[in-house]
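If you want the building blocks of each chain, they are given just below.
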Amino acid sequence: RLDPKTGAVKEWPLPEPKTHEFGGGSDLQVAKDSTLWFPVTSDLSRSHFGRPLKFDPKTEQFTWVEGLNDGESAQFMTINHADGSIYASGLKIDPKTARVVDRISFANAKNAPPGPHSAYEPSVDSKGNWYGMDYNGHYVIKVDGKTKEVTWLKTPTAFSQPRRGKMDLQDRLWFSQYTGDNIAMLDTKTLTFKEWPTGPWTGPYTVSMPNKAGHVFSPSGASDRVFRLDPKSGEVIGYLMPTLNFDSKQVVIDPIGGKAALMANTRNAQIVRVEPLD
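Every value quoted in this text rests on a predicted model; they were computed, and no experiment measured them.

(A) Looking closely at the side chain of K142. When you line up the elements, K142 lands in strand β11 (residues 139-143). D144 provides the closest opposite charge to the buried, salt-bridge-free K142, at an N-O distance of 5.4 Å. Beyond its immediate chain neighbours, meaning those up to four positions away, K142 contacts N129, W130, Y131, E149, V150, T151, L153 and L191.

Below is the structure:
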């Protein structure tokens, strides 16, 4: 935990797995009640991505999510901003009981386009509809939260490798297009896309939610830069990072000022703050 005002850091050791080469957690999400949810490497799963875990910073207690089938695991987490429900990949979790209450899958969809498909960092809109970034190609996969009907939404840029989606409070899905070199947005109400290029060979890895000015940030996986998009004007600015081999998997907006972007530089064990002065 980092206090952006003082720079103070506090750590809590994670439950240690005994049957894995290494352990750790990823893709931490902060719920409405300030509890934290994220997958952690566990002896309860063969995958190093592990099992969903709840951490209460008030009591400093860890609670494993219950109701998973044998061998089930998750890499990504997301939260439905409307009702506070937690999702671990395709597992829907009740935040009050910390139990799996539903499962979402597109694996047996009869209307699937040709080729392999995989859902990378899903997101959920206010109606409970689930969206997965089809990293193997150029689709956003929508699964209706009630009927489980699967819809394949093709991005305007072919073979764009959609990656790491974030749903804002207006039900707009922001995501990166890793080989498409675009920041992209899907309006889930109209099912229409918008794309903004970041430049050749930049490989945008993920995106943030809009900050209070409406700007979206996207770290590059290939050019040591973080891009800022103004969706109103279409302006994209690339900020050169002061450290070589910059690599960030997630980026969030500073909750205090509502403007700066915070992210982890995973290759250099740093927390990075980008705060434009304009």
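(B) How the structure looks around the sheet that holds strand β16 (residues 192-197). Read across the open sheet, the 4 strands follow the order β13-β14-β15-β16; overall the sheet is antiparallel. In this open sheet, the two edge strands, each paired with only one partner strand, are β13 (162-167) and β16. Mean inter-strand twist for the sheet, computed between neighbouring axes without regard to direction, equals 20 degrees. With 6 bridges joining them, strand β15 (residues 182-187) and β16 adopt antiparallel strand pairing. Within β16, the position partnered with A184 by the bridge is E195.

(C) Spatial organisation of the pairing of strand β3 (residues 51-56). Taking burial as the measure, the 6 residues of β3 include 5 buried ones, the bulk of the element. Across 5 bridges, strand β2 (residues 36-40) lies against β3 in antiparallel orientation. Opposite F38, over in β3, you have L53 as the bridge partner. Direction of pairing for β3 relative to strand β4 (residues 61-64): antiparallel, over a ladder of 4 bridges. Among the inter-strand pairings, F55 is bridged to a residue of β4, identified as F62. From the end of β3 to the start of β4, which pair antiparallel, there are 4 residues, and E60 there has a positive phi angle of about 60 degrees.

(D) Structural detail: the nonpolar core. Judged by nonpolar contacts, the single largest core of 14 residues is most densely connected at Y131, M133, V140, L173, F175 and L186. Put simply, the parts of the chain that give this core at least two residues each are β10 (130-134), β14 (172-177) and β15. When residues no more than four places from it in sequence are discounted, the contact partners of M133 are S118, A119, Y120, E121, Y139, V140, P162, R163, R164, G165, L173 and F175. Membership of the second largest hydrophobic core comes to 13 residues, among which are L68, A74, M77 and A88.

(E) Layout of the side chain of S223. Counting through the fold element by element, S223 comes out in the loop between β17 (216-219) and β18 (225-230). For S223, the side chain forms a polar contact with the side chain of S220, separated by 2.8 Å. Residues contacting S223, with those up to four places away along its chain left out, are T202 and L240.

(F) How the structure looks around the sheet that holds strand β22 (residues 270-274). Reading across the sheet, the 3 strands line up as β20-β21-β22 and stay open at both edges, with antiparallel pairing between neighbours. Of all the strands in the sheet, just β20 (251-253) and β22 have a single pairing partner and so form its edges. Strand-to-strand twist in this sheet, taken as the mean axis angle between neighbours without regard to direction, amounts to 25 degrees. With 3 bridges connecting them, β20 and strand β21 (residues 261-265) associate as antiparallel partners. Across the sheet, residue V251 finds its bridge partner in β21, namely M263.

(G) Main features of the packing of aromatic side chains. Tallied over the entire structure, the rule returns 11 aromatic pairs. Between F106 and W152 the ring centres are 6.0 Å apart and the planes differ by 90 degrees, which places this aromatic pair in the edge-to-face class. Placement of F106 in the loop between β8 (99-103) and β9 (119-124) and of W152 in strand β12 (residues 150-154) is noted, with a sequence separation of 46 residues between them. One exposure class covers both F106 and W152, and it is buried. Ring plane angle 45 degrees and centroid distance 6.5 Å describe the contact between Y135 and Y178, whose orientation is recorded as tilted. Note that Y135 is positioned in the loop between β10 and β11 and Y178 in the loop between β14 and β15, a separation of 43 residues in sequence. We classify Y135 as buried; its relative accessible area is 19%. Y178 sits in the partly exposed class, given a relative accessible area of 24%. Taken together, F76, Y120, Y135, Y178 and Y205 form an aromatic cluster joined through their ring pairs. The ring of Y178 is capped by R163, whose NZ or CZ atom sits 4.4 Å from the centre of that ring.

(H) Up close: the environment of V40. Its place among the elements puts V40 in strand β2. Judged by its relative accessible area of 0%, V40 is buried. Along the chain, V40 and P210 lie 170 residues apart, while their C-alpha atoms are 28 Å from each other. Those residues in contact with V40 that sit more than four places away from it in its chain are L14, P15, G24, G25, F49, G50, R51, L53 and W64.

Conventions and cut-offs
In this convention, every chain numbers its residues from 1, walking through the sequence in written order. Owing to the predicted nature of the model, reporting of local features is limited to residues with pLDDT of at least 70; listing and counting of side-chain atom pairs is limited to 80 or more, with chain, interface and lining totals taken over all residues. Just so you know, side-chain values use all the structure's heavy atoms and leave hydrogens and water out. Starting at the N terminus, helices and strands are each numbered in turn, a helix being any DSSP run of H or I of at least four residues and a strand any DSSP run of E of at least two. Accessible area is worked out with a 1.4 Å probe on protein chains only. A residue is then buried under 20% of its type maximum, exposed over 50%, and partly exposed in between. The convention is simple: Lys and Arg are positive, Asp and Glu are negative, and His and the chain ends are not counted. Here, a salt bridge means any Lys or Arg side-chain nitrogen found within 4 Å of an Asp or Glu carboxyl oxygen. Residue contacts follow a heavy-atom distance rule, with two residues in contact if any of their heavy atoms lie within 4.5 Å. Between any two strands, pairing holds if DSSP finds at least two bridges. Think of each axis as a best-fit line through the C-alpha atoms, taken over the contacting stretch in the case of a helix, with angles from 0 to 180 degrees between the N-to-C directions. What we call a nonpolar core is a set of buried Ala, Val, Leu, Ile, Met, Phe, Trp, Tyr and Cys residues that are connected through their side-chain atoms within 4.5 Å. The definition of a polar contact used here is a pair of N or O atoms within 3.5 Å, where within protein one atom must be able to donate a hydrogen and the other to accept one, and adjacent residues in sequence count solely through side-chain atom pairs. Stacked, tilted and edge-to-face pairs are distinguished by plane angle, under 30 degrees for stacked and over 60 for edge-to-face with tilted covering the rest, among Phe, Tyr and Trp rings (Trp via its six-membered ring) whose centres lie within 6.5 Å. Geometrically, a lysine NZ or arginine CZ counts as sitting over a ring once it is within 6 Å of the ring centre and also within 35 degrees of the ring normal.

Limitation: the analysis is restricted to geometry and does not speak to function.
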